[in-house]
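A structural walkthrough
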Amino acid sequence: MLAVHFGAGNIGRGFIGSLLYQANYHTIFVDVNDEVIQKLNEKQQYNVRLAAETSKTLTVKNVSGINSISNPNKVIQAIVEADIVTTAVGPNILPVISELVAEGLRERLKSSKKPLNIIACENMIGGSSLLKEKVMEHVTKEEFITFDTMFGFPNAAVDRIVPNQSHHDLLEVSVEPYYEWVVEETAIKGEKPSIEGITYVSDLTPYIERKLFTVNTGHTVPAYVGRYLGYTTINDAMNDKTVQEIIRGALTESGEALIQAYQFDREKHQAYVDKIIERFMNPYISDEVTRVGRGPIRKLGPQDRLIRPATMYMDVTGKAPRYLAKTIAAVLEYHNETDEEAVKLQQMITNKGYEKTVQLVSELDVDHRLIPVVMKQLEEMKALTG
Ligand SMILES: NC(=O)C1=CN([C@@H]2O[C@H](COP(=O)(O)OP(=O)(O)OC[C@H]3O[C@@H](n4cnc5c(N)ncnc54)[C@H](O)[C@@H]3O)[C@@H](O)[C@H]2O)C=CC1
Ligand SMILES: O=P(O)(O)OC[C@H]1O[C@](O)(CO)[C@@H](O)[C@@H]1O
């Protein structure tokens, strides 16, 4: 069995790659990082270390790599032969890989009638649907129906904290023990990939929203509020009383929105929240606030982890989401010269002001009630820290 996985980064090697190996796939990683690709081809294996009190190591074997810049034809050939295609490249890169994926699928149709599923494993709602939309932009009208019939793009939710790595061995990855990979069964074409660790569901929406608006919403608090308070790591930020108050508050607000939208059981949802906060405090993982806070413009998007639960909360309760608004305010104060989006956000604030910037990046109506709520929290935050 052959898997082609785009993105040999933290989640690619540390999560998807390890489950594919355990399900007896040979995985070809496709990446633009030549050093990683060369090492994968040289070693043909790498270690995944579980960051826990008793650390276990899994050696992931049967792997190789292709540099998609220097060897696009090899990627096309790999897609022709693949039994599954997965991605973990980041939401902004899905459009970038779409043309190569389309070329691979087109070539495959010349010799195979076997359906194929392409699963985007990204922190976003509708990742595979976006990839499908972008792939279809490279397909002719005549090809459209065949592509649509033969190739499934099931959406997915993936959850495992894999921080930036700093091992002597370039390929080694430390990961938290916990993981969840939920895939939309109804969009599968042909046989359902048999991979232990995947939970197939008929409606992904409650799962992806629960994950994105709890794990990822929660994580923004130690990232942005933590950075604002001067912390470098998530662990240090999580030990701060203000961060703890805001994270609990923000997850109570997003929780209320989720519970009312999907009729989740309150007690079970609270247990889910408590477990997540415990995961953020895992002392065996050192995660940087700048990794979790990367891409602040994307994270202030209308469907993303802050704006969407905040507007959902306002819609269902009629109340102002105080703690989510505080966190959004902290994003507006996020400075990081090494993060393109952070630099762009600060430039926008300098040129257009806070209010206009938040309105533009979140795509909220100009008179949306959330905007003054965020502005109020921003003022309070600035007054507190002088
Ligand atoms: N790290 C984590 O804990 C989690 C990450 N995710 C999601 O997984 C995705 C990847 O995140 P990470 O693995 O953390 O990032 P990463 O930066 O470690 O990995 C991304 C990889 O994609 C590669 N890449 C960039 N452009 C490419 C292209 N054109 N073709 C092929 N490969 C390309 C990069 O070189 C890199 O190796 C993101 O969507 C993220 O939100 C989801 C759950 C957990
Ligand atoms: O990967 P993104 O979307 O940039 O956001 C970082 C977030 O994703 C994770 O890496 C995994 O869910 C979290 O650690 C963090 O909340």
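Everything discussed here concerns the structure shown above.
Bear in mind the structure is a predicted one, so any value in this text is a computation, not a measurement.

Brief notes about the packing of helix 9 (residues 241-262) against helix 13 (residues 307-317)
The geometry of helix 9 relative to helix 13 is characterised by a closest axis approach of 8 Å and an angle of 60° between their N-to-C directions. As for how helix 9 packs across helix 13, the hand of that crossing is left-handed. Contacts between helix 9 and helix 13 involve Glu253, Ser254, Glu256, Ala257, Gln260 and Ala261 from the first element and Pro309, Met312, Tyr313, Val316 and Thr317 from the second. Grouping the constituent residues of the contact of helix 9 with helix 13 by class yields six nonpolar, three polar and two charged.

Notes on the site of ligand 1
In the region of ligand 1, 25 residues are neighbours, and Asn10, Ile11, Asp31, Glu122 and Val162 sit closest. At 3.3 Å, a side-chain N or O of Arg291 approaches a nitrogen atom of ligand 1. When ligand 1 sits alone it has 820 Å² of accessible area, and the protein chains cover 84% of it. The set of elements that each furnish at least two residues to the shell around ligand 1 consists of helix 1 (10-22), strand 2 (26-31) and helix 4 (94-111). Class assignment of the residues belonging to the shell around ligand 1 gives a composition of 14 nonpolar, six polar and five charged.

Concerning the pairing of strand 6 (residues 84-87)
The side-chain alternation of strand 6 yields two buried faces, one formed by Ile84 and Thr86 and the other by Val85 and Thr87. Bridge analysis of strand 1 (residues 2-6) against strand 6 gives four bridges, and the strand direction is parallel. Note that in strand 6 the partner of Phe6 across the bridge is Thr87. Handedness of the strand 6-helix 4-strand 7 (residues 116-120) crossover: right-handed.

Comments concerning the nonpolar core
If you look at the biggest cluster of nonpolar residues, it comprises 51 residues, and the most contacted ones within it are Leu300, Ile328, Leu370 and Val374. The element contributing the most residues to this core is helix 14 (residues 322-332), with eight residues. Residue contacts for Ile328: discarding those within four places in its chain leaves Leu300, Leu306, Ile307, Ala310, Val358, Leu370 and Val374. Grouped together as the second largest cluster of nonpolar side chains are 30 residues, Val4, Val30, Ala78 and Leu100 included.

Calculation notes
- Residues numbered from 1 in each chain as written.
- Chains lettered and ligands numbered in written order.
- Predicted model: local features only at pLDDT ≥ 70, side-chain atom pairs only at ≥ 80, totals over all residues.
- Heavy atoms only, no water.
- Axes fitted to C-alpha atoms, helices over the stretch in contact; angles between N-to-C directions.
- Helix = DSSP H or I, 4+ residues; strand = E, 2+ residues; numbered from the N terminus.
- Left-handed = near helix turned anticlockwise from the far one by under 90°.
- Contact = heavy atoms within 4.5 Å.
- Nonpolar A, V, L, I, M, F, W, Y, C, P; charged D, E, K, R; others polar.
- Near = heavy atom within 4 Å.
- Polar contact = N/O pair within 3.5 Å; in protein donor to acceptor, adjacent residues only side chain to side chain.
- Areas by Shrake-Rupley, 256 points an atom, 1.4 Å probe, with all protein chains shown as cover.
- Buried < 20%, exposed > 50% of the residue type's maximum accessible area, 1.4 Å probe, protein only.
- Pairing = 2+ DSSP bridges.
- Right-handed = clockwise from strand over helix to strand, strands pointing away.
- Core = buried A, V, L, I, M, F, W, Y, C linked by side-chain atoms within 4.5 Å.

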